[in-house]
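# Report on the structure
Chain by chain, the residues run as shown.
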Amino acid sequence: MPAFDDSPIALYDTLLRDGSQMEGIAFSLRDKIAVARRLDSLGMHYVEGGFPGSNEKDKAFFEEMKAQPLERSRLVAFGGTRKPGSNVSEDFNVVALRDAETPVVTFVGKAIASQVESVLSTSREENLAMVRESVEYMASIGREVHFDAEHFFDGFKEDPDYTLSVLSTAFRAGAQYLILCDTNGGAMTDELVGAIRAVQETVPGAKLGIHTHNDCDLAVANSLAAVRAGVEQIQGCLNGYGERCGNANLSSIIPNLQLKMGMQVVEDYQLEEITSASRFVAELANLPFNGLSPYVGGSAFAHKAGYHVAAVVKDPMTYQHIEPELVGNGRRVLVSELSGRRNIQYKLNERGHDLPLTPEENTALLNLVKQMESRGYQYETADASFELLALRSRPSYRAPFELEDFLVIERRRPGAAGTSTNSDESLMIAEATTKIRVDAELFHTTADGNGPVNALDMAARKGLELAFPQLGAVSLLDYKVRIIDTDAGTEAKTRVLIESTDGHHIWTTVGASPDVIEASWLALADAYEYYLLHREAWQAAEPHDSG
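Figured I'd write up the structure that's included with this text. Note that the structure is a prediction, hence the values are computed from the model and not measured.

## Quick word on the overall build of the protein chain
Regarding its fold elements, the protein chain presents 18 helices and 16 strands. Of all 547 residues assigned to the protein chain, the portion counted as buried reaches 51%. Accessible surface for the protein chain amounts to roughly 24,800 Å². Of this, 49% is attributable to carbon and sulfur atoms.

## A short note on the nonpolar core
Formed by 86 residues in total, the largest nonpolar core has its most connected members in M44, F107, F147, L178, L180, I254 and L257. The biggest single contributor to this core is helix α7 (residues 160-173), with six residues. Among residues more than four places away in sequence, those in contact with F147 are T81, F107, V108, G109, V131, V166, L167, A170, A175, Y177, L178 and I179. Ranked by size, the runner-up nonpolar core spans 34 residues in total, among them L464, L471, A525 and Y528.

## Some words on the sheet that holds strand β15 (residues 494-501)
Paired through their backbone hydrogen bonds, the strands of a sheet run either parallel or antiparallel. Judged by pairing direction, the sheet is antiparallel, and its three strands sit side by side in the order β14-β15-β16 without closing on themselves. What marks the edges here is a single partner per strand, and that holds for β14 (475-483) and β16 (506-513). Going from strand to strand, the sheet's axes swing by 15 degrees on average, the running direction of each strand aside. Pairing geometry for β15 and β16, over eight bridges, is antiparallel. Residue pairing across strands places E499 opposite T508, the latter belonging to β16.

## Some details on the pattern of salt bridges
All told, the structure shown has 23 salt bridges when counted by the stated rule. For R82, the salt bridge identified is with E133, shortest N-O distance 2.8 Å. Of this pair, R82 sits in the loop between β3 (74-80) and α3 (92-100) while E133 sits in helix α5 (residues 124-140), and the two are 51 residues apart along the sequence. Assessed through its relative accessible area of 3%, R82 is described here as buried. Of the residues examined, E133 reaches a relative accessible area of 25% and is grouped as partly exposed. In this structure, E117 and R124 form a salt bridge, with 3.5 Å as the shortest nitrogen-oxygen distance. Within this structure, R82, E126, R132 and E133 form a network of salt bridges that share partners.

## A short note on helix α1 (residues 29-42)
An ideal rise of 1.5 Å per residue puts 20 Å on 14 residues; α1 measures up with 20 Å between its terminal C-alpha atoms. Every buried residue of α1 is listed here: D31, K32, I33, V35, A36, R38, L39, D40 and L42. In this fold, the buried residues of α1 make contact with β1 (10-13), β2 (46-50), α2 (56-67), α11 (268-271) and α12 (274-285).

## Observations regarding the state of the cysteines
Enumeration according to the criterion identifies zero disulfides in this entry. We note that C245 lacks a disulfide partner, and the nearest cysteine sulfur, in C216, lies 8.5 Å from it.

## Structural notes on the environment of G463
Turning to its location among the elements, G463 is positioned in helix α17 (residues 452-467). In this structure, the C-alpha to C-alpha distance between G463 and T434, residues 29 residues apart in sequence, is 7.8 Å. Filtering out sequence-adjacent residues up to four positions away, G463 remains in contact with F443 and T445.

## Side note on the sheet that holds strand β11 (residues 402-412)
Pairing is antiparallel across the open sheet formed by three strands, whose spatial order is β11-β12-β13. Two strands lie at the open edges of the sheet, namely β11 and β13 (441-449), each paired on one side alone. Taking each pair of neighbouring strands and ignoring which way they run, the sheet shows an average axis angle of 10 degrees. Sheet topology places β11 next to strand β12 (residues 428-438); ten bridges connect them, and they run antiparallel. Looking at the pairing, F406 lines up with T434 of β12. Against the sheet, α17 touches β11, β12 and β13, its axis set at about 145 degrees to β13. Sheet strands touched by helix α18 (residues 516-541): β11 and β12. Its angle to β11, the strand with the most contacts, is close to 140 degrees.

## Examining unusual backbone geometry
The phi dihedral of R244 is positive, around 60 degrees, even though this residue is not glycine. Although it is not a glycine, Y295 adopts a positive phi angle of roughly 70 degrees. Within the secondary structure, Y295 sits in the loop between α12 and β9 (302-303).

## A few points about the packing of aromatic side chains
Taken as a whole and assessed by the stated rule, the structure comprises eleven aromatic pairs. Here Y531 and W538 contribute two aromatic rings whose centre-to-centre distance is 6.2 Å and whose plane-to-plane angle is 55 degrees, an arrangement assigned as tilted. Of the two residues, Y531 and W538, neither departs from the other in class, the shared state being buried. One aromatic cluster is present, built from ring pairs that chain together W507, Y530, Y531 and W538. In this arrangement the basic side chain of R17 is found over the ring face of F78, its NZ or CZ atom lying 3.6 Å from the centre. The side chain of R124 reaches across the aromatic face of Y162, ending 5.4 Å from its centre.

Rules and cut-offs
- Residues numbered from 1 in each chain as written.
- Predicted model: local features only at pLDDT ≥ 70, side-chain atom pairs only at ≥ 80, totals over all residues.
- Heavy atoms only, no water.
- Helix = DSSP H or I, 4+ residues; strand = E, 2+ residues; numbered from the N terminus.
- Buried < 20%, exposed > 50% of the residue type's maximum accessible area, 1.4 Å probe, protein only.
- Areas by Shrake-Rupley, 256 points an atom, 1.4 Å probe, with all protein chains shown as cover.
- Core = buried A, V, L, I, M, F, W, Y, C linked by side-chain atoms within 4.5 Å.
- Contact = heavy atoms within 4.5 Å.
- Pairing = 2+ DSSP bridges.
- Axes fitted to C-alpha atoms, helices over the stretch in contact; angles between N-to-C directions.
- Salt bridge = Lys/Arg side-chain N within 4 Å of Asp/Glu carboxyl O.
- Expected span 1.5 Å × (residues − 1).
- Disulfide = S-S within 2.5 Å.
- Phe/Tyr/Trp six-rings, centres within 6.5 Å; stacked < 30°, edge-to-face > 60°.
- Lys NZ or Arg CZ within 6 Å of the ring centre and 35° of its normal.

So, in structure tokens, the structure goes:
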């Protein structure tokens, strides 16, 4: 990446501290280390690792990082200024920050007069002393010190003189960055820029940073406006994780800085890693990845309307603001009832099928897609089922198996004496029988299951694996049921999406029916058929161990 001191903007990721305060995130110690190293390789200038004075896990994280420091990024320990009335060199939090032995320490201190009195229960003068002594102490032992001015923008509106005096105090004490925090996420962009101008006039020569929250959906916009106004550091989180509505989203900010504002903050190859890094972090956070995320989301460069696809095939930039490869993403064409003929041919080519369709065949397949979607199918995310739909429309196609019949029985098991119907113990038994034909052979199998769909799956697999033992490698990753026409009540159609894997590849199939069991079978059958069609090609493409 650009030499550290040459980068126009310092990128500061607080995912492992502020981001992990988001509802639903609970990183383990191993997770924190893995995320820190991924952020390091992505080109972050600062990686904030946590609050060593607050919990044992963060303390252990900093101990682990001493043995294997980051290669590029500067690791940051975060904590509050000394407590009111305490001795700075003996204050518990300050000592924890010192003992973390990170090259950088970020202190957070109150920059709003009313909270000094109501939250800290101390005087304005003592708060200034807390800021001054904490920064001076850490700077005196050779640490790079940043100061997070908590509630800066609210404080500036309430009592600008006191808020600016807090910043002046931190700067004179040796803080290398003064970070202006929109802690409540409520600042409007014009207010934010005006407050930054006031700081620049009051503390000339200070290096400023910005820390915004997204409570008004302005965190990214406000961060970029702050850069325009002259700040030199942006704090945020990959994927915009953070408390309440989240922190400023660095997955959007970094491409905007580099591709829109002409600021080289990371190397081009690192920018190409931002999509995979964003998804890596989501996986470790155990959160669904937001497909609508700008730049890195699965829908960021997805095209659905037929006239859009017709234009994109001729000139991708007609409906794309950048080339998706610049951020490690890719263009996708969706097939749906809104598609045109170009969507159909493009999608088949994308799936690796050399099936040049005549205009008549293309139109027929498009009409079939629309007909199936009117029945409740949806192929936008179920590429495997679309591919099978196209193949089945060819006169020469022969499916590897055929379901001739199935029977599912579910009955209520008599409870043990005294067992309440509200007991957690399951009182239901499901049993399924399937008849599946493979060429001239009929496989008639029965299985019990944890519910009717599971029983059907178990019975079908039992028969199919007699003919195709390789299906033992296939497992289900996800199973989703959606009610399509909710006004129909219990008569409503259902759509089932199934995500499957063989441990190396992932594919999604769809089924739709007024009967949820039939819809499930249709999606399951597609999943197995798709694997059988691709297994040999996948195996041939995999590297083999020569030794």
